[in-house]
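Descriptive analysis of the structure
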Protein chains: 2
Amino acid sequence: MGSVGPVTPQQMNFSEPLALKSGALLADYWITYETYGTLDAERSNAVLVCHALNASHHVAGTHADGSLGWWDNMVGPGKPLDTDRFFVIGVNNPGSCFGSTGPMHLNPANGRVYGADFPVLTVEDWVDAQARLMDRLGIERLAAVMGGSLGGMQALSWALRHPRRVRHCVAIATAPNLSAQNIAFNEVARRAIVTDPDFHGGHFYAHGVVPKRGLRVARMIGHITYLAEDAMDERFGRRTRSAGSGIDGEAEIGFAYSTQDIEFQIESYLRHQGDKFSEYFDANTYLLITRALDYFDPAREHGGDLARAFAAARAHPGGVGFLLVSFVTDWRFSPARSREIVKALVDNRIKVSYAEIDAPHGHDAFLLEDPRYHHVMRAYFERIAAESTGLA
Amino acid sequence: MGSVGPVTPQQMNFSEPLALKSGALLADYWITYETYGTLDAERSNAVLVCHALNASHHVAGTHADGSLGWWDNMVGPGKPLDTDRFFVIGVNNPGSCFGSTGPMHLNPANGRVYGADFPVLTVEDWVDAQARLMDRLGIERLAAVMGGSLGGMQALSWALRHPRRVRHCVAIATAPNLSAQNIAFNEVARRAIVTDPDFHGGHFYAHGVVPKRGLRVARMIGHITYLAEDAMDERFGRRTRSAGSGIDGEAEIGFAYSTQDIEFQIESYLRHQGDKFSEYFDANTYLLITRALDYFDPAREHGGDLARAFAAARAHPGGVGFLLVSFVTDWRFSPARSREIVKALVDNRIKVSYAEIDAPHGHDAFLLEDPRYHHVMRAYFERIAAESTGLA
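This section reports on the structure supplied with the text.

This paragraph deals with the packing of aromatic side chains. Residue and element names in this part refer to chain A. All told, the structure shown has 46 aromatic pairs over all chains when counted by the stated rule. Seen in terms of ring centroids, Phe-98 and Tyr-280 are 6.2 Å apart; in terms of plane orientation they differ by 35°. Their pairing is tilted. Of this pair, Phe-98 sits in the loop between strand S8 (87-91) and strand S9 (106-107) while Tyr-280 sits in helix H6 (residues 265-280), and the two are 182 residues apart along the sequence. The exposure class assigned to Phe-98 is partly exposed, which follows from its relative accessible area of 26%. Tyr-280 sits in the partly exposed class, given a relative accessible area of 38%.

The following block contains the structure:
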């Protein structure tokens, strides 16, 4: 297994406005994307990878600055999603802060930075923007669309909005909608950002400041929910900041008895995660993306009946094929939520494979290398490849 | 079953400094407390009730302003902890913001408000302060000490520090220490407060402001962890702010597509909880109390061996008797954590009763009326009363 190697992001301009679910229009925007592998002559081997909250078009390979793609362990030559067989597209969603048009860019309507005026986007809007990009790349039908977490919601939405344009939907560690608790965590994070005095109602760019305090707290909350409680106990437990740095290996200095200083390693870890995040992530993007998560709920327009929502995936003969994967220790998007989707598919007699992986890493497991997980992914993509070449 | 009726808080001054676990001293302080029922001639029917994060000495009955005690459903004439039989003491811990000396009071050393200079207190310090109050009330030995959550930790600590002074320890919805995830939630809440520009390093009183933004976020985070996920789904689900307020009962207005306005009822509920809390709770108290939770870990001084820690509870013939209660849906202090305590007691051949209640309300269940839970409590206190009168 090798790496995709050096990659360079590409940009595509869309001068035709995108009609959004909210009724607003996103005018004249850019989409940043990357591709790995080669599109075959039949244009039948394209796989679109959708990103979650804190990710981008940079799925695999390395950028000039040395940064590795966020799913490099999954996508590459000989990897589960094998770029020797598939043409893989990583796309950055509008509203993001990693290249595609977002809140930090100029609003063509008035020449000022969008800030809080950037339109609120939904999963469905992202999927439609991605479909337009596929048009421009000359890809009428994807071999698969794939994503984890919020990326998984996009994969599901593709199967519902554009069922004739996608042969397979691979949705990992995802859910048919957010629970009240999920929304609650998002809302606390948003309040931390919005009430930071440096947020300035979302127009902080003009003030030359960044609501870092809010972003830090938001990231810390998020991080707690990405990790499994047991894994956190194993990795950090109640170890104090001084453990292992004492005079001998066993030594542990006593507590400082301080409410503001770091006492426990978990505190140090979380603060570090928060600090890093606040250096590069855009506050308006955080609000937009968590809202897109909140809104996603394909059953809503069908009286809450998920099976009726998924009937759309039967649109063509054979229908879209599905692979769903969940992780036992993921308490943010638990296996029970994936099973709801499986049930809705089965109720529609749609082909679905489902794997529940007993990995210890919580929600983050979808990004990590686990042999059982990668085996499932590899086998599914081999099946897709065999179909493409008529060997299925 | 009746109510305790009108009650008036009392205050006791302690001019002798309290030596704290940190090595600091708490000089010349006041303790606020309340009592219900009558102390018998043998002074053998006293039960001390310890409070958790957001509570006080006001356990039962009503204050002149009409406010009801936080455990009024548990404590009163004919209630599980029957004030016709027991003399019940509610005590406010130093460092709190509800009456006993705390960060908003004057530091006798310099005549200025303590603020962030208030000494960091531990569960053990609170227990020692409570023991001093018992001395002054002429109570050598308690029939029981009782508490839930952080209050349960105080009850456990009584049995370890003053085993000859307590016949029974009733510890509900508690844990032998906080997990890494518990500490993580506390730390995020603290960072929200400490990084609020209105915190002023803990000396906000002098600036005439209150770090309300931080307190709101802290309370919202806490609240999510007090509720069970299923109960949250049942109570709020994905209902929007407008549900039920439409033209007819079924009507639900569409989303506003806003990142800052309320869309879902759970958001409205959490914001309301945060707003209320920020109006009355002291920021320095919040920091102190969450730190006391973090520090509590009786096994720490025994190489992490909880059974060795609980050997102290065998100090007198028969030892302290224990009742532990946990709630199946409590993910903050799960039943597994109570079972660790039960095991440590059993390893010491200490008498322990344990009940695991399948109540739907998460951690908050310990404050609520559940027939199975209250039955267990009532039966245990009836047993204690029978012992007191020699009928056991």
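Enumeration over the complete set of coordinates arrives at zero disulfides over all chains. Looking at the unpaired A:Cys50, the closest cysteine sulfur is the one in A:Cys169, lying at 8.9 Å.

The subject of this paragraph is the sheet that holds strand S8 (residues 87-91) of chain B. All names here are of chain B. On the basis of which strands lie adjacent, the open sheet formed by eight strands has the order S1-S4-S8-S5-S11-S12-S13-S14 and mixed pairing. The open sheet has two edge strands with one neighbour each: strand S1 (10-14) and strand S14 (352-357). Pairwise comparison of adjacent strand axes, ignoring direction, gives a mean angle of 20° for this sheet. On the sheet, helix H1 (residues 123-136) packs against S1, strand S4 (29-36), strand S5 (46-50) and S8 and is oriented at approximately 105° with respect to S1. Set on the sheet, helix H2 (residues 150-161) makes contact with S5, strand S11 (144-148), strand S12 (168-172) and strand S13 (321-327); between it and S11 the angle comes to about 150°.

This part is about the packing of helix H3 (residues 180-194) of chain A against helix H4 (residues 212-226) of chain B. One way to put it is that H3(A) packs onto H4(B) with a least axis distance of 10 Å and a crossing angle of 170°. The pairing of H3(A) with H4(B) is recorded here as roughly antiparallel in orientation. Packed against H3(A), whose contacting residues are A:Gln181, A:Ala184, A:Phe185, A:Glu187, A:Val188, A:Arg191 and A:Ala192, the element H4(B) presents B:Val217, B:Met220, B:Ile221 and B:Ile224 at the interface.

Moving on, we get to the environment of A:Leu25. Residue and element names in this part refer to chain A. Tracing the backbone through its elements, the reader meets Leu-25 in strand S3 (residues 25-26). A residue is classified by how much of its surface remains accessible, and Leu-25, at 53% relative accessible area, is exposed. Residues Leu-25 and Leu-121, spaced 96 residues apart in sequence, show a C-alpha to C-alpha distance of 9.9 Å. Excluding its chain neighbours within four sequence positions, the residues that come into contact with Leu-25 are Pro-17, Leu-18, Ala-19, Leu-20 and Pro-119.

Moving on to the pattern of salt bridges. All names here are of chain B. All chains considered together, the criterion is met by 44 salt bridges over all chains. The partner of Arg-339 in a salt bridge is Glu-356, with the nearest N and O atoms 3.0 Å apart. Placement of Arg-339 in helix H9 (residues 335-347) and of Glu-356 in strand S14 is noted, with a sequence separation of 17 residues between them. With a relative accessible area of 42%, Arg-339 lands in the partly exposed category. Judged by its relative accessible area of 36%, Glu-356 falls in the partly exposed class.

Residue-level contacts link 61 residues of chain A with 60 residues of chain B. Between chain A and chain B the total buried area reaches about 5200 Å² when both faces are included, carbon and sulfur atoms providing 62% of it. It is A:Arg238, A:Tyr257 and A:Thr259 in chain A that bury the most area against chain B; as a group they hold 15% of the surface buried on that side. Inspection of the region where chain A meets chain B yields eight salt bridges. Notably, a salt bridge pairs A:Glu187 with B:Arg271, separated by 2.7 Å at the nearest N-O pair. Viewed at the interface, chain B and chain A are joined by 27 residue pairs in polar contact (both at pLDDT 80 or more). When residues of the side of chain A that touches chain B are assigned to their parent elements, the largest contribution, 11 residues, is made by H3(A). The residue makeup of the side of chain A that touches chain B, split by class, is 31 nonpolar, 13 polar and 17 charged.

The next thing to look at is the relation of the copies chain A and chain B. Two copies of a chain can be linked by a rotation about an axis combined with a shift along that same axis. Take chain A, turn it by 180°, move it 0.0 Å along the axis, and it overlays chain B with an RMSD of 0.0 Å. The relationship between the two copies is best expressed as a two-fold rotation axis. A share of 98% of interface residues in chain A that are also interface residues in chain B marks the association as one of identical surfaces.

Cut-offs applied
Residues numbered from 1 in each chain as written. Chains lettered and ligands numbered in written order. Predicted model: local features only at pLDDT ≥ 70, side-chain atom pairs only at ≥ 80, totals over all residues. Heavy atoms only, no water. Phe/Tyr/Trp six-rings, centres within 6.5 Å; stacked < 30°, edge-to-face > 60°. Helix = DSSP H or I, 4+ residues; strand = E, 2+ residues; numbered from the N terminus. Buried < 20%, exposed > 50% of the residue type's maximum accessible area, 1.4 Å probe, protein only. Disulfide = S-S within 2.5 Å. Pairing = 2+ DSSP bridges. Axes fitted to C-alpha atoms, helices over the stretch in contact; angles between N-to-C directions. Contact = heavy atoms within 4.5 Å. Parallel < 35°, antiparallel > 145°, perpendicular 65-115°, else oblique. Salt bridge = Lys/Arg side-chain N within 4 Å of Asp/Glu carboxyl O. Buried area = accessible area lost by both parts, 1.4 Å probe. Polar contact = N/O pair within 3.5 Å; in protein donor to acceptor, adjacent residues only side chain to side chain. Nonpolar A, V, L, I, M, F, W, Y, C, P; charged D, E, K, R; others polar. Least-squares fit on C-alpha atoms with pLDDT ≥ 70 in both.

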